[in-house]
Amino acid sequence: MQEELNQFERNKVWELVQRQTHQNVIGTKWVFRNKMNEEGSVVRNKARLVAKGYCQEEGIDFDETFSPVARLESIRCFLPMQGKFEMSMMGELTFFLGLQVKQLKDGTFISQTKYTRDLMKKFGMEEKSSVKIPMNTSVKMDMDADGKAIDQTRYRSLIGSLLYLTASRPDITFAVGVCARFQSAPKESHMTAAKRFLRYLKGCQEVGLWYLKEGGFKLIGYSDSDYVGCKVDRKSTSGTCQMLGNRLVSWFSKKQNSIATSTAEAEYIVAGSCCAQVLWMRQQLRDYEIEEKEIPIMCDNISAIAITQNPVLHSRTKHIDVRYHFIRDHVENKDITLEYISTDTQLADIFTKPLCESRFEELKNELGLIELS
């Protein structure tokens, strides 16, 4: 606590002023936290003095945020610049927000092994048997109206924990996304399916993303859809991923907002989403003086590719929401190219539907999901 107060004084964070009788004073409180490493050992005891801004009501205590006790002089939102603030050298990054990072000579390995083990313990899966895939290919989940209701809080806690794990485990992204659709009224069947994910993770807790040092910086997008894949409302599922060289850097799996009337429409919509993502990534790469032109987006539907190359809206496309047609402009301007790829080599397949074990393992390897020996 004294270190925290000393830091305020050294950095001249505030200047004490006379209390004004006509204004309320914002109180403060101490927040204590134990900082742990990836093994769960306490490496530092931290104390922070914070203002109790939550005690105020807008329009009564304040119109604009203002503290009558202290005048802030040196707050930086994103970087505590070394020339202004004291910084501690904690060595090479190994553990950050639940992510374990191993920086090796030929690449970087990112995993959430400790977090996964904690999940096993939290949800009582330590003694359960493991399975090879997170979701069977025959599973078609629905609302299960006649099923037995379960505790919503526990189900939501499990789904939230699994969603956080997808930061380094894209192999469960689709399956967790499907179960997340039933959080408003979860049934026993939904919990059984969600716990299967834990059984799958139990058998591959050490798996993470491998980012090879070599391999170039060619940006490639993959887009795929599962036509009317949702049994409840018959909406299709979009799945995309983006590779920088041979490194997976971005991915998502999401149910589409509207019902597609054909496979071509479903594929065209997800291609537009993938286009938006690669254009944003292209802008980020420019900060590193890497210029990408005619970025390829790989699609396994010839009709969807044809729609991007046809400037005329005809009966097959005029009903598609106008916001999805922006991809045509970027194809015409040669910002991106929509290219055909066979379904057998479509990497985004893992984000749209359950797969058999052999296909699932093949795509995991292609995406750089490995167990570091």
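All values reported here derive from a predicted model rather than from experimental measurement.

So, about the sheet that holds strand 5 (residues 107-111). In spatial order, the strands read 3-4-5-6-12; together these five strands make up an open sheet with antiparallel pairing. Each edge of the open sheet carries a strand with a single partner, namely strand 3 (95-96) and strand 12 (369-371). Pairing analysis gives three bridges linking strand 6 (residues 207-212) to strand 12, with the strands arranged antiparallel. Along strand 12, the bridge assignment pairs Val207 with Glu371.

A separate point is the environment of Lys218. Among the secondary structure elements, Lys218 is positioned in the loop between strand 6 and strand 7 (219-226). You can call Lys218 partly exposed: its relative accessible area is 39%. Discounting chain neighbours no more than four positions away, the residues touching Lys218 are Met243, Leu244, Gly245, Glu292, Lys293, Glu294 and Pro296.

Further remarks concern the packing of aromatic side chains. Going through the model one piece at a time under the given rule, you end up with three aromatic pairs. Their ring planes at 20 degrees and their centres at 6.5 Å tell us that Trp30 and Phe32 sit as a pair that is stacked. Taking the ring centre of Phe217 as reference, the NZ or CZ of Arg247 above it sits at 5.2 Å.

Note on placement: Glu292 falls in the loop between helix 6 (263-286) and strand 10 (295-299). Apart from residues lying up to four places away in sequence, Glu292 is in contact with Phe217, Lys218, Leu219, Arg282 and Leu285.

Enumeration over the complete set of coordinates arrives at 14 salt bridges. Taking the shortest distance from any N to any O, the salt bridge between Arg117 and Glu206 comes out at 2.4 Å. With Arg117 in helix 2 (residues 113-122) and Glu206 in the loop between helix 5 (188-202) and strand 6, this residue pair connects regions lying 89 residues apart in the sequence. With a relative accessible area of 31%, Glu206 lands in the partly exposed category. Residue Asp233 pairs with Lys255 through a salt bridge whose shortest N-O separation is 2.8 Å.

For Val249, the location among the structural elements is in strand 9 (residues 247-255). Looking at Val249, the relative accessible area reads 33%, which means it is partly exposed. Val249 sits 38 residues away from Tyr211 along the chain, and the two C-alpha atoms are 9.1 Å apart. Beyond its immediate stretch of four places on either side in the chain, Val249 contacts Tyr211, Gln242, Met243, Leu244 and Met281.

Calculation notes
- Residues numbered from 1 in each chain as written.
- Predicted model: local features only at pLDDT ≥ 70, side-chain atom pairs only at ≥ 80, totals over all residues.
- Heavy atoms only, no water.
- Pairing = 2+ DSSP bridges.
- Helix = DSSP H or I, 4+ residues; strand = E, 2+ residues; numbered from the N terminus.
- Buried < 20%, exposed > 50% of the residue type's maximum accessible area, 1.4 Å probe, protein only.
- Contact = heavy atoms within 4.5 Å.
- Phe/Tyr/Trp six-rings, centres within 6.5 Å; stacked < 30°, edge-to-face > 60°.
- Lys NZ or Arg CZ within 6 Å of the ring centre and 35° of its normal.
- Salt bridge = Lys/Arg side-chain N within 4 Å of Asp/Glu carboxyl O.

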